[in-house]
Amino acid sequence: MSGRVADVEWKDSDTNSLPSFHQTDDLTYVHKVEKPPKQDLLKEIKTGLKETFLSDDPLKPFKGQSKKRKLVLGFQTLFPILEWDRDYSFSKFKGDLIAGCTIASLCIPQDIGYAKLANLDAQYGLYSSFVPPLIYAFMGSSRDIAIGPVAVVSLLLGTLLRQELDPVTQKHDYERLAFTATFFAGVTQFTLGFFRLGFLIDFLSHAAIVGFMGGAAVTIALQQLKGLFGIKDFTKKTDIISVMRSVVQSAHHGWNWQTLLIGVSFLIFLLVAKFIGKKNKKLFWVPAIAPLISVIISTFSVFITRADKEGVQIVRHIEQGINPSSAHEIFFNGPFLAKGFKIGVIAGLIALTEAVAIGRTFASMKDYQIDGNKEMVALGSMNIVGSLTSCYVATGSFSRSAVNYMAGCNTAVSNIVMSIIVLLTLYVITPLFKYTPNAILASIIISAVVGLIDLDAAILLWKIDKFDFVACMGAFFGVIFASVEIGLLIAVAISFGKILLQVTRPRTAVLGKIPRTSVYRNVEQYPGATRVPGVLIIKVDSAIYFSNSNYIKERILRWLRDEEESFKDQPKVQYLIVDMSPVTDIDTSGIHALEELYGGLQKKDVQLILTNPGQTVLDKLHAANFVDLIGEDKIFLSVADAVLTFAPKMEQA
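Being a predicted model, the structure only gives us computed values, none of them experimental.

K.L.:
Explain the overall build of the protein here, please?
P.N.:
Looking only at helices and strands, the protein features 27 helices and 11 strands. In terms of its C-alpha atoms, the protein occupies a principal-axis envelope of roughly 100 × 65 × 55 Å. A buried classification covers 50% of the 653 residues belonging to the protein. Summarising the internal contacts of the protein: among those between residues at least 6 apart in sequence, 79% fall at separations of at least 24. Element-wise, carbon and sulfur atoms account for 61% of the exposed surface of the protein, whose accessible area totals about 31500 Å². Where the 64 positive side-chain charges of the protein centre and where its 59 negative ones centre are 7 Å apart.

K.L.:
Would you explain a nonpolar patch on the surface in this entry?
P.N.:
Together, Phe199, Leu200, Phe203, Val492 and Phe496 line one region of the surface with nonpolar side chains, adding up to about 390 Å² of accessible area. With respect to the element layout, Phe496 can be found in helix H21 (residues 484-504). Given a relative accessible area of 40%, Phe496 falls into the partly exposed group.

K.L.:
Which parts of the structure should I look at to understand the packing of aromatic side chains?
P.N.:
In this description, an aromatic ring pair is defined by two values, namely the gap between the centres and the angle between the planes. Per the stated rule, a full pass over the model turns up 18 aromatic pairs. Note on Phe362 and Tyr405: the rings are 5.5 Å apart at their centroids and 45° apart in plane angle, and the pair reads as tilted. A residue pair is termed long-range when its members are at least 10 positions apart, and Phe362 in helix H14 (residues 336-365) and Tyr405 in helix H16 (residues 398-406) qualify at 43 residues. Taking relative accessible area as the criterion, Tyr405 reaches 25% and is therefore assigned partly exposed. Taken together, the aromatic side chains of Phe183, Phe184, Phe332 and Phe341 make up a single cluster linked through ring pairs.

K.L.:
Explain unusual backbone geometry here, please?
P.N.:
Phi is mostly negative for residues that are not glycine, and the peptide bonds are mostly trans. Despite not being glycine, Ser390 has its phi angle at roughly 65°, a positive value. Looking at Ser390, the relative accessible area reads 4%, which means it is buried. Positive phi is not limited to glycine here, since Asn612 has a value of about 50°. Tracing the backbone through its elements, the reader meets Asn612 in the loop between strand E10 (607-611) and helix H24 (615-623).

K.L.:
So what exactly am I meant to see when it comes to the pattern of salt bridges here?
P.N.:
Here the idea is simple: oppositely charged side chains can pair when their charged atoms come close. This structure, assessed with the given rule, holds 15 salt bridges. For Asp166, the salt bridge is made with Lys236, and the minimal N-O distance between the two is 3.0 Å. With a gap of 70 residues between them, Asp166 in the loop between helix H7 (151-162) and helix H8 (171-194) and Lys236 in the loop between helix H10 (225-229) and helix H11 (240-249) connect regions that are remote in the sequence. With relative accessibility at 53%, the residue Lys236 sits in the exposed group. Taking the shortest distance from any N to any O, the salt bridge between Arg306 and Asp308 comes out at 3.2 Å. When its relative accessible area of 30% is taken as the criterion, Arg306 is described as partly exposed. On the basis of relative accessible area, Asp308 is assigned to the buried category, the value being 14%. Overlapping salt bridges, with partners in common, bring together Glu164, Lys339 and Lys342 in one network.

K.L.:
How should the side chain of Asp111 be read in this particular structure?
P.N.:
Considering the arrangement of structural elements, one finds Asp111 in helix H4 (residues 90-117). Those residues in contact with Asp111 that sit more than four places away from it in its chain are Ala122, Gly125, Leu126, Ser129, Pro149 and Arg400.

K.L.:
Explain the UniProt feature "domain: STAS" (unreviewed entry) in the protein here, please?
P.N.:
On the UniProt side, "domain: STAS" (unreviewed entry) is annotated at positions that read residues 525-646 here. Annotated as residues 525-646, this span is 46% helix and 15% strand, and its ends, taken at the C-alpha atoms, are 25 Å apart.

K.L.:
Explain the pairing of E10 here, please?
P.N.:
Sheet faces and side chains relate simply in a regular strand, where the side chains alternate between the two faces. With respect to burial, E10 is a largely interior element, 4 of its 5 residues being buried. Pairing of strand E9 (residues 575-579) with E10 involves 5 bridges; the strand directions are parallel. By the bridge assignment, Asp579 is partnered in E10 with Thr611. Regarding the hand of the β-α-β motif, the stretch spanning E9, helix H23 (residues 588-603) and E10 is right-handed. Pairing between E10 and strand E11 (residues 635-636): 2 bridges, direction parallel. Its bridge partner being in E11, Leu610 is matched across the sheet by Ile635.

K.L.:
Even after reading the chapter, I still don't get the confidence of the model for the protein, so can you show me in this structure?
P.N.:
Close reading of the predicted structure is inappropriate where its pLDDT is low. Here the protein shows a mean pLDDT of 88. Residues at 70 or above account for 93%. The low-confidence segment residues 1-27 (pLDDT under 50) makes 42 contacts with residues lying over four places distant or belonging to another chain.

K.L.:
Honestly, the environment of Arg196 in this entry has me stumped. Any pointers?
P.N.:
Here Arg196 is to be found in the loop between H8 and helix H9 (206-223). On the accessibility criterion, Arg196 (14% relative accessible area) is buried. When the C-alpha atoms of Arg196 and Val377 are compared, they prove to be 9.5 Å apart, with 181 residues separating the residues in sequence.

K.L.:
In this structure, what is going on with helix H26 (residues 639-646)? I would like to understand it.
P.N.:
Along an α-helix, a turn takes 3.6 residues, which lines up residues three or four apart on a common side. Summarising burial for H26: 6 of the 8 residues are buried, a large majority. Residues of H26 that are buried: Val639, Ala640, Asp641, Ala642, Val643 and Leu644.

K.L.:
Can you help me understand the nonpolar core in this one?
P.N.:
Nonpolar side chains tend to gather and get buried jointly when the protein is soluble and globular. Of all hydrophobic cores here, the largest spans 85 residues; its most connected members are Leu157, Phe212, Ile220, Ile350 and Val422. Every residue in contact with Phe212, bar those within four places of it in the chain, is listed here: Val152, Ile350, Ala475, Phe476, Val479, Val484, Gly487 and Leu488.

The rules behind the values
- Residues numbered from 1 in each chain as written.
- Predicted model: local features only at pLDDT ≥ 70, side-chain atom pairs only at ≥ 80, totals over all residues.
- Heavy atoms only, no water.
- Helix = DSSP H or I, 4+ residues; strand = E, 2+ residues; numbered from the N terminus.
- Buried < 20%, exposed > 50% of the residue type's maximum accessible area, 1.4 Å probe, protein only.
- Contact = heavy atoms within 4.5 Å.
- Areas by Shrake-Rupley, 256 points an atom, 1.4 Å probe, with all protein chains shown as cover.
- Lys, Arg positive; Asp, Glu negative; His and termini not counted.
- Charge placed at Lys NZ, Arg CZ, Asp CG, Glu CD.
- Patch = residues over 30% accessible without salt bridge, like charges linked within 9 Å, V, L, I, M, F, W, Y side chains within 5 Å.
- Salt bridge = Lys/Arg side-chain N within 4 Å of Asp/Glu carboxyl O.
- Phe/Tyr/Trp six-rings, centres within 6.5 Å; stacked < 30°, edge-to-face > 60°.
- UniProt positions renumbered as here; feature names shortened; annotations may be inferred.
- Pairing = 2+ DSSP bridges.
- Right-handed = clockwise from strand over helix to strand, strands pointing away.
- pLDDT = per-residue confidence, 0-100.
- Core = buried A, V, L, I, M, F, W, Y, C linked by side-chain atoms within 4.5 Å.

As C-alpha cells, then:
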C-alpha cells in the first residue's frame, strides 16, 4: 500500500536517513505497514517468562563473574546483611542502637496486648518479637521495617482460629493450630518469593486494603472495650452490633469504674502523646515511650492499691524464659492440617501485603530499592522458624517502622537490638508485668490502631475513582458489620471485580482531528476536535481477548449507528478506522470478532481500516489471514496516514 499524500520540501539533505518514507523528488508517500519479521518461538517464550518472573533481572550481577565471586554474590543475595556490613560504622550503630531501644519500648507492651487479640498467652507476643526480627535482620532487604506481631493479623488469626477451637477449653490444641497456621503462613510467603510470584499480592487493590485496614482498626478498638470497661461476660463475635449490644447490656452490672478510670485516663494520655509526636517530628520519642510509661505507672498503681481485689483485671502471669521449641506441636497430619493450612495462607497473604507496602513506603522516603521477592523469602523464612519456636505470625508493623525511621535507624541492626531487649525482658522483667491491668493494654491497642483509619486516603479515593471508593467502603463495612474474614472476602471480590470489569468492558472512544495539527484525540476530552466527514475513527483502549471481543465489536457497531443518527445531514460513513495503538495483544476470539465486524461493515458498504497495530497483534493478524481478508492497503502506520489516503482534503485542512 502506498499512496501520494502531500507535497513536502525536505530541508535535510540526507534523505537516506529517513527510511520510513518512500520518496520520489518532492512527493512523500505513506509508509507501508509490512508483515513483521517472524519471531523465534523459543526466544519469544523465554522473553515472556523472563518478563513475568524475572523482570528485575536478578541474575545480571552474576554475569561475567568468577566462580568465587558468584558464590559471594549468592550469599549476599540470600543474606543482604553480608553486603552492607562492610560499610558499617560506629556512627551507624549509634543510630541503630537508639532506634532499637525506642521500638523495643513500644513493642513490649504492644506485644502483650496483640497476643490477647490472637487469644494467646502474653508471652507468645514477646516470643514473636524475639526470633522473627533476628531472622529478618539477616535476610531482609529493608533498612527501616520493624518486625513483630501486628494488630490486624493478630485479630484475623484469633478470629479464624476461634472458629475451629475454643481458646479456653481447648487451649493446647488452639496453640498448636496457631503454630501450624504460622508455619503455613511462612511457607506461603516463602513460596511466593522463591518462585517470584509476588505480583499475585498486587491483585488486592490499594482501595480494598485501605477499607479493610480501617474496618479492622474499628473492630479491634471495639474488641478492647471489654478490657477498657472491665467487662467479664463479653460477646465472642466481632461485628459492631454484637459488640455494642454486649457493652450496653453489661452497663448496669458488668462495668468496673476503677478499670474504666485507668483505661480512659491512660488512653487520653497516649492519644495526647501521639498528637505531640505528630505535630513535632523531633518529639517522635514521646509517643514511642508513652506505652511503656503507661504500663509502668498503671502496674505500680494497681500493685500499691491492690485494685485487682476491687475487680480490676490484671495480666497475672507471663511465662519467663526464652522461646521453647514448638516443632513437635505443629499439626503435620490429622483433621487440623487442612484448617491450619487455610488459616495460614490467609494470614500469610495479609501479613505479606502489609509488610511489602510498609517496606516500599520507607524505601521510597530514603531513596533506595527493596527486592519484593527477596522480602517475601525473608518474611516466609522468619515465620517458618518462628512457628518452630513458639511464635505466631509476625510481619512489618507500620507504627513501629515509623518510629524506627524517625529514631534514625540506618540498617536492620535496629531489629537485632530490639530482639536483644525483648530477650532480656523475657528472662528478667516478665514477673513485673503480673499486676499490669488489662485496661492499659486495651488503651495501648486502641491508640495504636487509630492510625490505621486513613480518612485522607478514603477522601482521595472518592475524588479520583468512585469505584475504588465503593471497594474501600465495601471492605470497611464488611469488616465492622459482619466479620474480618467477610470483610477480607469482600475486599478480594471487589478487587477482582474491578479487574474483570476493566477487562470485559474496556474503554472505546471516537477520535477527531485537533485543528491545525495531524493529531487525533478523543472528542469528549477535546471538544474542539473535528470529526472527519464520511470517516468514523474509533480507538480501543485494551487488548482484545475472548472476555471482551464481542463487547468491542458490538460497541464499535453501536458507535457507527450513533454516528449515523447524530449526523444525518453529513455524508454517510464510508470508512471505519480502528486505532489499535493501545491494543497490546489479541487472541483467536478477538480475530473472529474483527472478522465478524468486517462482515457486518461490508453489508453497510463501510470499509474497515486498522492503524498502528503492534508487532504481536500484526503478526497474529497475518497468521490468521485477516490481513489478506481486508487487504494490506487497509492497514496504516497512523490515523493521519489513513485519513490522508481516504480524506486528503480533511487532513490538509
